[in-house]
Structure formats: C-alpha cells, structure tokens
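Chain by chain, the residues:
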Amino acid sequence: MTAAQPNRLPQGGRIDRTRPLAFTFDGKACEGYAGDTLASALIANGVSLVGRSFKLRRPRGIVGSGAEEPNAIMQLGEGAAAEPNVPATQVELRDGLVARTTRGWPGVRFDVGVINDVFGRMLGAGFYYKTFMYPRSWWKYYEHAIRQSAGFGRAPDAPDPDNYEHMNAHCDVLVAGGGPAGLMAALTAAESGARVILADEQTEFGGSLLGSAERIDGAPAMEWVAVTLARLRDHADCKLLTRSTVFAYHDHNFLTIVERCTDPPETFREGTQIGRSGVDDRHFDDGKPEGRRGPSGRDQPGEHDRRGGHDGRGAPAGRPHRVSNAAGRHDGSAAHIRERLWRVRAGQVILAQGSFERPLVFCNNDRPGVMLASAVSTWINRYGVLPGRRAVIFTNNDSAYRSAIDLADAGAEVAAIVDSRRGGAAELGSRAREHGIAVLEGHVVSDVAGRQHVRGISIARWHGDSWATVSPTIRIDCDLVVMSGGYSPAVHLHSQAGGRLAWDETRLGFLPTESRQPNVSAGAGNGSRSLEECLADGLSAGKEAVSRPGLKGTTVVMPTVSASAENPTEALWRVPAAKDPDRCAKQFIDFQNDTTVADIRLAAREGYRNVEHVKRYTALGFGTDQGKLGNINGMAVLADTLGKAIPEVGTTTFRPAYTPVSFGVGAGESVGELYEPVRKTAIHEWHEAAGAPMEVVGQWHRPWYFPRDGEDLHAAVARESLAVRNSVGLMDASTLGKIDACGPDVVEFLERIYTHDVGRMKVGRCGYGIMLGEDGMLMDDGVLARLGEQRFHLTTTTGGAASVLNWLEKWLQTEWPELRVYLTSLTEQYSTFALAGPDSRKVLDKLGCDIPLDRDSFPFMNVRPAMLAGMPVTLFRVSFSGELAFEINIASNLALAMWNKLMEAGQRFDITPYGTETMHVLRAEKGFVIVGQDTDGSVTPVDLRMNWLLSRNKDFLGKRSLRRPDCLRKDRKQLVGLLSPDARTVLPEGTQLIEEPASRPPVPMCGHVTSSYQSAVLGHPITLALVTGGRARRGEMIYAALPERDPMPVEIVAPVFYDADGQRQHV
Amino acid sequence: MLLIECPWCGFRAETEFSYGGEAGIVRPADPDALSDAEWADYLFYRRNPRGAHRELWNHAAGCRRWFGVERDAVTYRIERSYTLNDADPAGRAPGSESGTEAHRRSRVGSPAGDGDTARVRSGADAKDDSTANAGAGEQQ
Ligand SMILES: [Zn+2]
C-alpha cells in the first residue's frame, strides 16, 4: 500500500493503476486511479470524515457505494461550473477534480453547529415547526439562520457554461438497470429481434457483479458480462447506455434517462455530437479510451484538448460559450455535451434496478467507519480499496458473510460476525468459519464507541424483543463495522408508473405487483435474492416482454451458477440497547435527514398515524435520499410503535426524480438564443439600423421607439406622436394577425363569430369587429375587410393571431362542419404599415397610386386593391390613431422596398417612423382599448361601452352570456378616463383605485389603472381605468393609491381625450 | 407524456396536440330560449368522470384536425381515437357501449326534466340538410 493511498490494496479491482489522477478534497491534494469514483478514491486516501449531518452536526463517513449514499454529498468545481449536492459515490474520478464537503462550517473536523448534538434532545421531530413558529414576524430571521446553518451545498454564482442536449428514442424494450437480471433480460429481448435500449447508471455494466467475487459458467462473473455485452453489440438495434440513469417513468411508457457523457473527458465519443442520430450508437460500454471511435470510423471533428485546463468538472476551459444552432458551434466543430436527456417511448419496460441494502438501526450506527456490507465488498472487489483493518460484521442475513470473506481474503482482520439469528447462516456460515472467522449467533451490536471514527463495539445477547433493554457483555475493538439489514427492492420506477406494491413477509420488503403500464420487474428489484434467481428472473422478464407477434422468440438459455442455500433474513428493525428506546444513544434511520428511532416514536406519540405525515414531520426520506436507505426501517419502526403490521402502515409515494437531475439537462438546448423563437418583421434590419430598442410581443421583436440625438423614451415618444398628429408618421404593423377567410358560407360563419352585422358589409368595406368567448368576455378585436362576396381579410391582435385561428378552426370542425369556409393564416406572408397623419394622403399621392384616394372616392373604413409605386398593395382606410390614415398591406418580399419608398416620399412632410409606445399613446388619447391590457378576460363589451357593436338581429358566440345576472350587475367595472388635478403625475399602470384617502386597512378597492401615458398633444397625462360602476360616476373624485405617497385624487372623465367626435379620421 | 393516435397521422407525442375539453358539448340551437341555469349548464358544467372520458384533441402541430379520444381519467389509458364525422352528436365514439346512461349528467337548478334536451344541435339541425340526420337520432 502506497503512502499516497494508504488504503489501496496492492492488486485487484477494476481500476487502471497505470493512470493516476490528481484531485483535491477540501483543498487537500489527493491521488486516485482511473476507474475510481470520488468515494473510492477518498477511502483509498484514508479520508473517513466526509461531512457533518444535516441537523445534529454529527461527523459522518461514507456508508454506501451507490445512489443511496446519504453522507458524502459533495460540491464539485468552482464558480460558474460549480455543481452542488452530488454523492461522491456517483462521481467518476478525473484529473483536476475539485471536491468540497457541503456541510460543516468552518470545516468538517470542527463544526460550530456540533452544539446541536449536545442539546440534541431538544432537536427531535418537528423541532423546527415547534420552535420557530412564534412570533410569526420573526420567521424571516429564523429562516435565514436555519438556511445558513443547514447548507446543502452552494448554487453556482454564474450561468452554466456547459452544453446539454435532448434526444428522442423509440424501442420495443427498454431495460433499466444493467446488472445480472437486466443483462439477461436485454440479451433475451435482443436475440428475439426486439429493438432494445439498455441503460445503467454506472460507468460499466455488471451492477452487483462489479463488486462481487461470484462466478457464472465456472468463470468470474465479469467474464460472463463481457460475453453478454459482445452478443448485445452484434445486434444493430440494441443501444447500450452506461452512465445513464432512468430517473422518471411517465405516462404511456415514456421514460426519461439522463446520460452523463463528458465525464471523464477521455470518453468523449463521436456519439456525443449535437445533431447526430442516436440510433445504433453502441459504444457506451466500458469507458475505455477506444470508446472514442465512431461507428463510421471517422476522425473526431474539432477535437478539443480535454486534458488541460479543466475547470474541475472535465469541461475544457476557454471554449466558446454556447452552440449557435442545433447543428454545431460557431466554429463548426462538434459541441462538447456534458449531459444528455433521452426521451424514450418504449413498447415494454423491464425494471431491473436492483435493490438497496438496509442499514441496521443500533446506537451510534452513524459513526464514520460503519458501512453497508455490499459497499465494503464493492470497495474491495471493484476498486481495490480496503476500508478498515479490523472489522466486525453485524447482520440479520447470509449475504453479509460474503463481505466478511472478502475482507479476510483482502488481508483484513475480521474480529467477528455478529448474526442476530440463532441459526446463523447456511453454507456461507461454514465458509466463513473455514476462513477462521468467529461467528456470534443470536447476538446484536448494541452500541458503537468512537466519535470521529469507530473505535469499537458492544455486543449483547438478542432475546427477540426489539423494544426491551439488553446488557452488553462483549466489547471488541475495531475500525470498521460492516452492517446488513437485508435488501429493499428499488421499486421507484414501478411505483412512478402507477404500479402497486405488496409487502412480502418472507423477503421482508415491498415488492412490485400489479403494473399500470406495460412493464415487468426483474431481479433484486423484484425480490430475487441469489444470483441464480436474478438471472432466471431476467430471462423470464425478457421472454415476457417479447411475447407478442412479429418477434422470432429466443434461444437464450440460463447460465450455470453454483447455487448456495441461504437461511431466511430475520426481521430486526430496531436493535435493542442498554437503555430504553427514548433514552439510549441515537439510533439513525435516515442518516441524511438525521431521523432517529426516537423521532419516529415522538411523531407517533404526538398523534401522527399516516406515513405521509410522519415523513413530513420527521423529514424521513427527504433530500437526495428519497426513501432509498431509511424508508423501510422507518415504516417498520412506525408500524411497531403504532402496534400495526407494516403493510397497514404502507409506504410513501415515490415521485420523480429517482436521483437528482441537473437543471441544465432539463433545459437542454433551450437556453440563451435558443430559449424561444424570435420573430422578426421584413423591416427588422431597418429598425435596428435606426437604433430602435425592441419590445418583445408574443415572440415578435417590435421597434419600441426611434430615438434621435440621444433622446430618451419620453422625448422620442412626444416627438413621434406630435408628428402623427401634425404631419405624418409611419409604423411597421406587420405583426398584426392576418387571416384570409373565404367560402360560400363565410358570411354565415363570421356572423356567428363577430358581434356586429357582418352581412351588411358591402364589398370594399372595412369594419371594426370584436369576438367574445361563450362566456361573453371580450376575446380579441381587429378589422374585417370584405374583399369579395365570399372573401374577408381578418386582422387580429399581435398576441392573438394563433389563438384566434385555433378558435375559428375549432368551431368550424367541431360544431359547424356543414359550413363551407376556408381559413388561411397570412400573418407572415404580408407586411402591414400604418401611414398616419394629416399628410398621409400626400405621401401616397407623391408615390403614385393607381386609384383615387380622395375622401369621396375612397372614404374612411374602406378597402381597395391598388398599385402603389408600381407594387401591388391592399390599401385600408382604417385608423388606430384617430388621424387620417392608410394601412398598406404588401407581400413581405416587397415590404422593405415599399418602406424605403414611403420614407423617401415622405421626407418633405417630415415623415417620422414611430414605434409601439407612440402607437399606444395615440390610441389611448382616442380611448381605443388594447385587448389584454385594458381587458383581462373578465371584461364584456358592455363594460367597454361597445354596445353599438352588438347586433340585435342575430345570435353570436357569447351573446346569451351578456344577459347572465353577473353581466347585468350595476357595479361591474367599466372603462373610464381619469385626470389628475395636478396635470403632472403619470399614474403607474396597475395602480389601485380607492374611494377614501384615509381608509384603514383593509382598504376596499374600486378599480385599477389599465393604461397611462403623458399625452404630448394635450400636454398632460391621460389615464384609462376600470372603475366599479364608473360610467355613471363622471365628475366624481376617487383616489389613486401610490406607494410611498399619499393617495392622489383623480377625476372620473369620459375615456376619449382627443377629437371626441372623431372628425380627424374622416378628412 | 401521452401517446395519442391522430385518426389522420397516427400515433404522435402529446406535445403535438392541444386539448379541447369534454367532447359532445353541443351548442344550443337557440341560446336565447334558455334559462340562466340551462345556459350555465352548457357553459360551465362538465362531467369530470372518475374513469372513461370522451374528450376533444387537436393535432395542433400536425394536420390541425380536431378529433375525439376516449381516455380513462384515472389510468390515462386511451381506449380509442375517432373522427368527429364518425361520432354521434353527443360526441360518443362509433360503437361506443357507454350509451346514454353514462352520458346523463347532473344538472343544477334546471327546470328541464331531461338533461339532454338543452343539448340539441345548432347549425346542422337548423339547416335542413342531410348532415342533420345524426342530430335527429339524438332527439328520439
Ligand atoms: Zn394529425
């Protein structure tokens, strides 16, 4: 054993001793080998203290070797690349890794919070609920202090620099778990001709076989694994995914897998490129350097130097930040993907995720140096690491005897096997004795000595009563306690899929029974105990999954395993101690959440009966644990305390995710500029060149205002709106929704949709139209233009374009299929400009238009096809500003040319481009509402004084609702205008309106401000508001409630502030 | 994520579809003739069964057709998809066994004895054409 790695065995394990890797742990330089996990390397380096417990601040060491590890929760990397809350057992060791403990301040060896342990008696179940409840106003201070001291790692302080991606896949059979049962099932399915995906969370397939000395077909079990993998690779339709956790089981056999693909960097493969089809990507097997080959044998494009400059997570430093598109990076090379989310739709699912070994619940069972038996075998057999020199094994079943033998074979001294069962183990018992190991049957470990590390144990005779006291008679010095309380099947995915669980009294665990979705469980996760049972179960699950037409059936046969008889596991949920259960030293059930036997008993005493309530009161199974380690022991102790059977108490609900999943992989490629589509009009580049800030409206980027000479928003808007009122302005309104509606029944259809008499509109006429939901509330508005007897052009709001089309299509398809109407969206095919202002006609005249534009030939609210500057357009005499105005519809490919012509022709009239803000001010001066700003889904057209639009001659959607009692209330909120006496203050939109300035809370509110601007043409602010019974209250004063100010009086006025009789648009 | 069969395009992921609520809510032919309670029943009340549910789906990111789906609201299992042409006016799938018993619903404050009288068809029925035949069946 080397000085650098004092606990490393001289040989053995699946590590590569020719490839030493340097890493740091809490700043201390350490060394491990390729193939190590961070946990195995820490043990090799003699690190036994890896954190402080959550609540009591007790020193803690590594307990398990897999996803169940509760204590060694690490902070990896630094800065933007920091990753909190990763179990060290699931971190592949890599060169330059920076790992820190997440809990314990200022350090794990001396923690100020340790005082909690001394006064731990006060920190029982529900402590936080009880203590920090009162006074309520102090909670913010409590919360701060609790969060400070209960840290579970620190969030990164900058955006994640790594890349992630999503992949979709389909298969006949998805096998979750690549241990003996999963491999057997996958082989059976693949040889039957099924498309198979086999996913396993570890770096290598093999599952429990990776850490065991068992044999298959007369050879070490891993040789069988290698042969099986070779056979699977011969099937083109078999995908093998390692480092891939199936973490959630959704509806209709849709499952999600997270694949950790860039760790360590040496395993970077062609298969990790963005955009590459994942089908038949079979080079995920062993993490060895040859994994870099691609199936086509091509060289790696754009290889990065992934050996130097790592940031602690294997991500190369200094590379471009983000992919620019789904096909690759800015430089065209393959992007470096850190994690990949597989979204898999499977015909059948085989759940072979194995089982979790249970701890035994004895006094001080959380001391560093107390480990699970399966973990100890894994350290020795898989990693060549010896976690102790002198060990005691404590068990209630046969399997832990294997760990005793593994320890003895590795050169450790096994002081004793303490077996609670009077009969001890079967064949493994004799084998242990052959190794010279003493076996104490009918005994239990009642306590552990040592604080920072195990120093010894006390042993007592076991009388069969968990709740009595015992007298320890034997003390043994040791530095390692190996415990095994039996195995709990990992039923998480079965449960997530809606499957039921049943308690098995002989196997002492909840086993999967009825499935709700097409899945079958196999192996240890299905209650199998021996290797032989697991393989046989995998074979039958594979056969079951492919027992349907079209597949050829299988010829796979069972391998031979030397089966050894085992004695049954004994139920031993709480180990008795020298004192009674509520006064003895702490007996931990859930290490991560510091839940003890006494906590569960306290919860039961305080009246908690339901297991879901006890879970929340005691925090049992919270955090990353999610019921992996302590669940069954906790249920059993609760059942005992309540005097019930375990199945009566039941188990808690399993929810996704099975293991923690990063936010990054959830977001996938949908970050930065790929977060949301960006819609640009045909004039976008012109707007940008003009320096217009953009406003995002329903994914459209619209120019907000066009600042000139350093103007701010207010100065620019004042100038733009005066230009429209006094000369002419030009706005890009292309984002308006545009729908072509035609067909023999189009009039009948639009009559039912819109509230006014559509049929009365003559060809060439426009009309303002609103549509209501069936509840009578205003849904959208726009202009209908009748282009022909059977053709209308409809406009919608920018944000409503898609939903209005959906609405129209739904009625046509589901309710009125007999109507012959055809709808086509033209929103992007046509661009729209609003040319508004007293000089607008002059601009068109100057450009040259082939139709007469004078007031009598082309009156207000008319539409004409025309040639303008030699280009075909549709001209609408509509106005959203109240001025003489034309809307010009033109094919989008001609739009920029037309825009430039208009700007040029308008030069002598000082034509002014204006943005959305000015548009808003102009329409508010006229009292025109914006759907979604002045309305919110609870506003009827009557509330908006739009009665003139409601036809009495026909039915239309929502009409009947306008007679509902609620719509007839006199105190409905109605649209009004507000003016402030000071003529200065622009009320913030959303300001609440109240009746009395001096009311005491709670103050009744009588409305709110919906639109509010400074009007340049009027020289004072204008406000639109919804006010209770507002229309009848003209001239009354109410008050605007303003933050940090006294309520301000405002006068209710009519909601039209400028040109009230509408003369200006008719000229 | 559900796997839904569009009658025109085949099986597709749920993300391609949008949901349209309970199927078979027929718009009254003459809303004006309805009491407030009857109108409210059409407008607001839905069956929300614990079990088999007939509902509308739209293949929004595909062919954009509306169609019916029979889905179990507890297990989410989909029994079948059907085109609206094949459905009877109450939105039941062709050959559906669930019949009028399952379709009957409680009504709040309704003066009408038969829950389905308000659910006569507009449009097709109002027009005297052949597509109204299904509606006639409902009224028998
Ligand atoms: Zn479709």
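In this text, all values refer to a predicted model and were calculated from it rather than measured experimentally.

### Focus on the overall build of chain B
And step 1. Looking only at helices and strands, one finds 3 helices and 6 strands in chain B.
And step 2. Counting from the amino terminus, helix and strand elements in chain B follow one another as β-β-β-α-β-β-β-α-α.
And step 3. The contacts in chain B between residues at least 6 apart in sequence include a share of 54% that link residues at least 24 apart.
And step 4. Counting every atom, chain B has about 7,100 Å² of accessible surface; 47% of that belongs to carbon and sulfur.

### Re the overall build of chain A
And step 1. Within chain A, the secondary structure is distributed over 24 helices and 49 strands.
And step 2. Taking all 1067 residues of chain A together, 58% fall into the buried category.
And step 3. Surface exposure of chain A reaches about 41,600 Å², of which carbon and sulfur atoms provide 52%.

### Observations regarding the coordination of the zinc ion
Residues and elements named next belong to chain B.
And step 1. Protein coordination at the zinc ion comes from Cys6 (SG), Cys9 (SG), His59 (ND1) and Cys63 (SG), with a distance range of 2.0 to 2.4 Å.
And step 2. Here the zinc ion is ringed by 4 donor atoms whose angles at the metal span 103 to 118°, and the overall shape comes out tetrahedral.
And step 3. For the zinc ion, the donor residues sit on a single chain with the sequence spacing C-x2-C-x49-H-x3-C. One end of the pair, Cys6, is in strand β1 (residues 3-6); the other, His59, is in the loop between β4 (52-58) and β5 (66-72), and 53 residues separate them in sequence.

### Quick notes on helix α22 (residues 892-905) of chain A
And step 1. When the terminal C-alpha atoms of α22 of chain A are compared, their 20 Å separation across 14 residues agrees well with the 20 Å that a helix rising 1.5 Å per residue should span.
And step 2. Buried residues of α22 of chain A: Ala895, Met898, Trp899, Leu902, Met903 and Ala905 of chain A, and no others.

### A closer look at the interface of chain A and chain B
Interface size is often expressed as the accessible area that is lost when the parts come together.
And step 1. Each partner contributes residues to the interface: chain A has 32 residues there, and chain B has 34 residues.
And step 2. Taking both partners together, chain A and chain B bury about 2,700 Å²; carbon and sulfur atoms supply 47% of that area.
And step 3. In this structure, the connection of chain A to chain B is made through 5 salt bridges.
And step 4. Salt-bridge contacts for Arg960 of chain A lead to Asp36 of chain B; the nearest nitrogen and oxygen are separated by 2.7 Å.
And step 5. In this assembly, chain A and chain B are joined by 19 residue pairs in polar contact (both at pLDDT 80 or more).
And step 6. The greatest single-element share of the side of chain A that touches chain B, amounting to 8 residues, is contributed by helix α20 (residues 801-815) of chain A.
And step 7. For the side of chain A that touches chain B, the residue count by class is 9 nonpolar, 7 polar and 16 charged.

### Description of the sheet that holds strand β3 (residues 18-22) of chain B
Residue and element names in this part refer to chain B.
And step 1. The 4 strands are arranged β3-β4-β5-β6 in an open sheet whose pairing can be described as antiparallel. A strand with exactly one partner marks an edge of an open sheet, and here the two such strands are β3 and β6 (78-83). With direction set aside, neighbouring strand axes in the sheet form an average angle of 30°.
And step 2. Bridge count between β3 and β4: 3 bridges; the pairing is antiparallel.

### Section: the packing of aromatic side chains
And step 1. Applying the stated rule across the entire model yields 19 aromatic pairs over all chains.
And step 2. With a centroid separation of 6.5 Å and 20° between ring planes, the pair formed by Phe588 of chain A and Phe591 of chain A is classed as stacked. With respect to class, Phe588 of chain A is no different from Phe591 of chain A; both count as buried.
And step 3. Seen from their ring centres, Trp704 of chain A and Tyr705 of chain A are 5.4 Å apart, and the 65° between their planes marks the pair as edge-to-face.
And step 4. Assessed through its relative accessible area of 11%, Tyr705 of chain A is described here as buried.
And step 5. Through a chain of ring-to-ring contacts, the aromatic side chains of Trp686, Phe706, Phe833 and Trp899 of chain A assemble into a single cluster.
And step 6. Of note, Arg752 of chain A hangs over the ring of Trp816 of chain A, and the distance from its end group to the ring centre comes to 4.9 Å.
And step 7. Between the NZ or CZ atom of Arg71 of chain B and the centre of the ring of Tyr76 of chain B, over which it lies, the distance is 5.1 Å.

### A closer look at the pairing of strand β32 (residues 700-703) of chain A
And step 1. As defined by bridge partners, strand β31 (residues 694-697) of chain A adjoins β32 of chain A across 4 bridges and the pair is classed as antiparallel. Along β32 of chain A, the bridge assignment pairs Val696 of chain A with His701 of chain A.

### A closer look at the side chain of Arg421 of chain A
And step 1. By the element assignment, Arg421 of chain A lies in the loop between β19 (413-419) and α9 (427-434).
And step 2. For Arg421 of chain A, the residues in contact, after removing those within four places along its chain, are Asn396, Asn397, Asp398, Tyr401, Glu441, Gly442, Asn567, Pro568, Thr569 and Glu570 of chain A.

### Examining the domain arrangement of chain A
Residues and elements named next belong to chain A.
And step 1. Domains assigned within chain A are domain 1 (1-161), domain 2 (162-261 + 336-357 + 487-567), domain 3 (359-485), domain 4 (738-826 + 941-959) and domain 5 (968-1067).
And step 2. Between domain 1 and domain 3, the contact holds 33 residues from the first and 24 residues from the second.
And step 3. Buried surface at the junction of domain 1 and domain 3, summed over both partners, amounts to about 2,200 Å²; 54% is from carbon and sulfur atoms.
And step 4. Counting across the domain 1 and domain 3 interface gives 2 salt bridges.
And step 5. Across the pair Asp366 and Arg60 runs a salt bridge whose closest N-O atoms are separated by 2.8 Å.
And step 6. Counting the contacts that link domain 1 with domain 3 gives 11 residue pairs in polar contact (both at pLDDT 80 or more).
And step 7. Elements represented by at least two residues in the side of domain 1 that touches domain 3 include exactly α1 (38-44) and β4 (59-60).
And step 8. Sort the elements by how many residues they give to the side of domain 1 that touches domain 3 and α1 lands first, with 4 residues.
And step 9. Split by residue class, the side of domain 1 that touches domain 3 holds 12 nonpolar, 11 polar and 10 charged.

### Concerning the sheet that holds strand β22 (residues 456-461) of chain A
All names here are of chain A.
And step 1. One open sheet accounts for 3 strands, arranged β21-β22-β23; its pairing is antiparallel. Two strands lie at the open edges of the sheet, namely β21 (443-449) and β23 (472-477), each paired on one side alone. The mean angle between the axes of side-by-side strands here comes to 30°, regardless of whether they run parallel or antiparallel.
And step 2. Strand direction decides the pairing type here: β22 and β23, joined by 5 bridges, are antiparallel. Within β23, the position partnered with Ile457 by the bridge is Ile476.

### Some remarks on the confidence of the model for chain A
And step 1. Per-residue pLDDT for chain A averages 89, and the proportion of residues at 70 or more is 88%.
And step 2. Across residues 263-333 of chain A the pLDDT falls below 50, and counting only partners more than four positions away or on other chains, this stretch makes 159 contacts in the model.

### Describing the environment of Lys55 of chain A
Residues and elements named next belong to chain A.
And step 1. With respect to the element layout, Lys55 can be found in the loop between β3 (51-52) and β4.
And step 2. You can call Lys55 buried: its relative accessible area is 8%.
And step 3. Separated by 538 residues in the primary sequence, Lys55 and Asn593 place their C-alpha atoms 7.1 Å from one another.

Conventions adopted
- Position labels on residues start from 1 in each chain and follow its written sequence.
- Written order decides the labels, with chains lettered from A and ligands numbered from 1.
- Since the coordinates come from a predicted model, pLDDT governs what is reported: local features require at least 70, and pairs of side-chain atoms require 80 or more to be given and counted, while whole-chain, interface and lining totals use all residues.
- Here the side-chain values reflect all heavy atoms present in the structure, with hydrogen atoms and water set aside.
- Numbering of helices and strands starts at the N terminus; helices are DSSP runs of H or I of at least 4 residues and strands are runs of E of at least 2.
- Throughout, a residue-residue contact means that at least one pair of heavy atoms, one from each residue, lies within 4.5 Å.
- Accessibility throughout is a Shrake-Rupley quantity obtained with a 1.4 Å probe, and a residue counts as covered only by protein chains that appear here.
- Remark: exposure states derive from per-residue accessible area (1.4 Å probe, protein chains only) relative to the maximum for the residue type, with buried under 20%, exposed over 50%, and partly exposed in between.
- Metal donors: N, O and S atoms at distances within 2.8 Å, or within 3.2 Å for Na, K and Ca, with water omitted from the atom set so that some sites may seem incomplete.
- Geometry is assigned from donor-metal-donor angles: four donors are tetrahedral when every angle falls between 85 and 135 degrees, four are square planar and six octahedral when opposite donors sit over 155 degrees apart with all other angles between 65 and 115, and any other arrangement is irregular.
- For a helix, the expected span equals 1.5 Å multiplied by the residue count minus one.
- Accessible surface is computed with a 1.4 Å probe, and the buried area is the amount of it that two parts give up when combined, taken over both parts together.
- Definition used for salt bridges: Asp or Glu carboxyl oxygen within 4 Å of a side-chain nitrogen of Lys or Arg.
- Two N or O atoms count as a polar contact when they lie within 3.5 Å, although within protein this holds only if one can serve as hydrogen donor and the other as acceptor, and sequence-adjacent residues are included solely when both atoms are side-chain atoms.
- Here the nonpolar group is Ala, Val, Leu, Ile, Met, Phe, Trp, Tyr, Cys and Pro; Asp, Glu, Lys and Arg are the charged ones; every other residue, Gly included, is treated as polar.
- Strand pairing is assigned whenever DSSP detects at least two bridges linking the two strands.
- In this analysis an axis means a line fitted to C-alpha atoms, helices contributing only their contacting stretch, and an angle means the value between N-to-C directions, from 0 to 180 degrees.
- Each Phe, Tyr or Trp ring, with Trp reduced to its six-membered ring, pairs with another whose centre is within 6.5 Å; inter-plane angles below 30 degrees give stacked pairs, above 60 give edge-to-face pairs, and intermediate values give tilted ones.
- Charge-over-ring contacts are defined here by two conditions on Lys NZ or Arg CZ: a distance within 6 Å of the ring centre and an angle within 35 degrees of the ring normal.
- Reported domain spans reflect what an automatic or database domain assignment gives.
- The pLDDT value tells you how sure the predictor is about a given residue, anywhere from 0 up to 100.

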